[in-house]
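Commentary on secondary and tertiary structure
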Amino acid sequence: MDKWIRGPIGLDADRRVTRSGCRNAVVVVPTMTAGTRLLDALPLLEADHRVQTVFTVPHTGDGWHGVEEFVRAQHGLVLPWHQALQHRFDLVLAASHRHLDELHGPILLLAHGAGTVKSRRFSRKAGAATLPATGLDRELLTHRGRILPAVLGLATDAEVAALRRSCPEALPRALVVGDICLDEMLESVALREIYRHRLGIDPGRRLVTVSSTWSADSVFGRLPRLCHALRDALPPSRYAVAAVLHPNVWTVHGRRQVTAWFADCLRDGLLLIPPDQGWQATMVASDWVIGDYGSTTAYAAALGRPVTLAVDGGSAIRPGSIADLVRRHAPGLRYDVALAPQEEVASRASDRLARVVRAAITSRPGQAAAVLRRAMYELLELPEPDGAASTRFVRSPNPLRDIA
């Protein structure tokens, strides 16, 4: 077993720390997807001198490759999992249901994508592929009759109704917070030209972004040569092409293999966005997004970007879900029509698509930071710092991670 970290927690921590008496918050990162969402919320709290934040990565024999490297790259203090399990924290921040029953302390649970209710009908967890799953299921939110989250952060009022059907005993813990990721992206539209400059998009060129979730029925799973085809079809003097892949594509196959698969496109100028930073800024910078049923495509649609679906998920998508709304209002990619007219069709549909999808992603537009911050401090049993109510994003003027 690994040694314990001589850090800011434990019975003898008072002999080591420089800031004493801090409340302790732990950020639980079982997947890179969960980690990126929690990094959106963490700046609302971590600058407070009364709070010490640490990270931990569950090590239970079923982990995802590269997650610990991702967490360590954030330069936070990483506690070994076995040490985290032996401590009671003042706040547990989570964006995944994994391992919540093993942790000690009040849990604030957020969704790790667009919407809390999953767009897929069935879980992709091994052994559960035939069971309908919503993300608000009783087996995910409770353990031996105990409700796991102290605060269950929901994105919309409609999700409250879904929770009432699936796990009514958790309703007292539910809080509609909205979607901090979408709020940040909308806030960052003013920085669009800065993002385009950092991506190397010259004035007058258009950025076409391929957005792929993970699994065999995603864009990259079904159409692995799509980026290559776009590079061949679009004049490089007028168009740049980028690819945003779900973090699980990278963690399952490995960075070296994914990069090798795109090697010919990279030589031709493809912008392959790394999984741990930059996808939000890329969507803000994009002129046209060709995607699938994943959250990244939905966020692009909510931003008002023209969206064309290359893959729509078929019968695996839950009727009425965010992915279903996108595919009902966004045009599908056609192979018998030139690309320029298809971009025009997507542009004409973008305003209505944005209104529909934005309403499905959040019922509290622009409010997520304030609501989340209030919830965190209530769980910590600390008053919010002066001026917190008027502070929307700590990372102003650039709330997205650097893509340079």
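Conventions used here
Residues numbered from 1 in each chain as written. Predicted model: local features only at pLDDT ≥ 70, side-chain atom pairs only at ≥ 80, totals over all residues. Heavy atoms only, no water. Helix = DSSP H or I, 4+ residues; strand = E, 2+ residues; numbered from the N terminus. Rg over C-alpha atoms; globule rule 2.2 N^0.38 Å. Buried < 20%, exposed > 50% of the residue type's maximum accessible area, 1.4 Å probe, protein only. Contact = heavy atoms within 4.5 Å. Lys, Arg positive; Asp, Glu negative; His and termini not counted. Charge placed at Lys NZ, Arg CZ, Asp CG, Glu CD. Axes fitted to C-alpha atoms, helices over the stretch in contact; angles between N-to-C directions. Left-handed = near helix turned anticlockwise from the far one by under 90°. Nonpolar A, V, L, I, M, F, W, Y, C, P; charged D, E, K, R; others polar. Pairing = 2+ DSSP bridges. Salt bridge = Lys/Arg side-chain N within 4 Å of Asp/Glu carboxyl O.

Observations regarding the overall build of the chain
Per the secondary structure count, the chain includes 17 helices and 14 strands. For a compact globule of 404 residues, the expected C-alpha radius of gyration is about 22 Å, and the chain comes in at 21 Å, within 12% of that figure. The principal-axis extent of the C-alpha atoms belonging to the chain is close to 65 × 45 × 45 Å. Taking all 404 residues of the chain together, the buried fraction comes to 55%. Looking at the chain alone, contacts between residues at least 24 apart form 68% of all its contacts between residues at least 6 apart. Of the charged side chains in the chain, 49 are positive and 41 negative; the average position of the first set lies 2 Å away from that of the second.

Focus on the packing of helix H1 (residues 32–41) against helix H6 (residues 180–187)
The interhelical angle for the contact between H1 and H6, taken along N-to-C directions, is 65 degrees, at an axis separation of 9 Å. Every pair of crossing elements has a handedness; the one defined by H1 and H6 is left-handed. Touching Arg37, Asp40 and Ala41 of H1 are Ile180, Cys181 and Glu184, all from H6. Grouping the amino acids of the contact of H1 with H6 by side-chain chemistry returns three nonpolar, no polar and three charged.

Here we look at the sheet that holds strand S13 (residues 288–291)
The parallel open sheet is built from five strands, whose spatial order is S12-S11-S10-S13-S14. What marks the edges here is a single partner per strand, and that holds for strand S12 (271–273) and strand S14 (307–309). Strand-to-strand twist of the sheet, defined as the mean angle between neighbouring strand axes without regard to direction, takes the value 20 degrees. Along the sheet, helix H9 (residues 226–233) makes contact with strand S10 (206–212), strand S11 (239–245) and S13, crossing S11 at roughly 170 degrees. Sheet contacts for helix H14 (residues 295–303): S10, S11, S13 and S14; angle to S14, the most-contacted strand, approximately 145 degrees.

Remarks on the pattern of salt bridges
Under the counting rule described, the total for this entry stands at 17 salt bridges. Here Asp12 ties to Arg16 by a salt bridge, and the two come within 2.9 Å at their closest N and O atoms. With relative accessibility at 24%, the residue Asp12 sits in the partly exposed group. As a salt-bridge pair, Asp264 and Arg225 come within 3.0 Å of each other at their nearest N and O atoms. Taken together, the positions of Asp264 in helix H12 (residues 263–267) and Arg225 in the loop between helix H8 (219–222) and H9 put the pair 39 residues apart, joining distant regions of the chain. Residue Asp264 is classed as buried on the basis of its relative accessible area of 18%. Among the charged side chains, a salt-bridge network with shared partners connects Asp12, Arg15 and Arg16.

Note that all results are geometric; they support no functional claim without further evidence.
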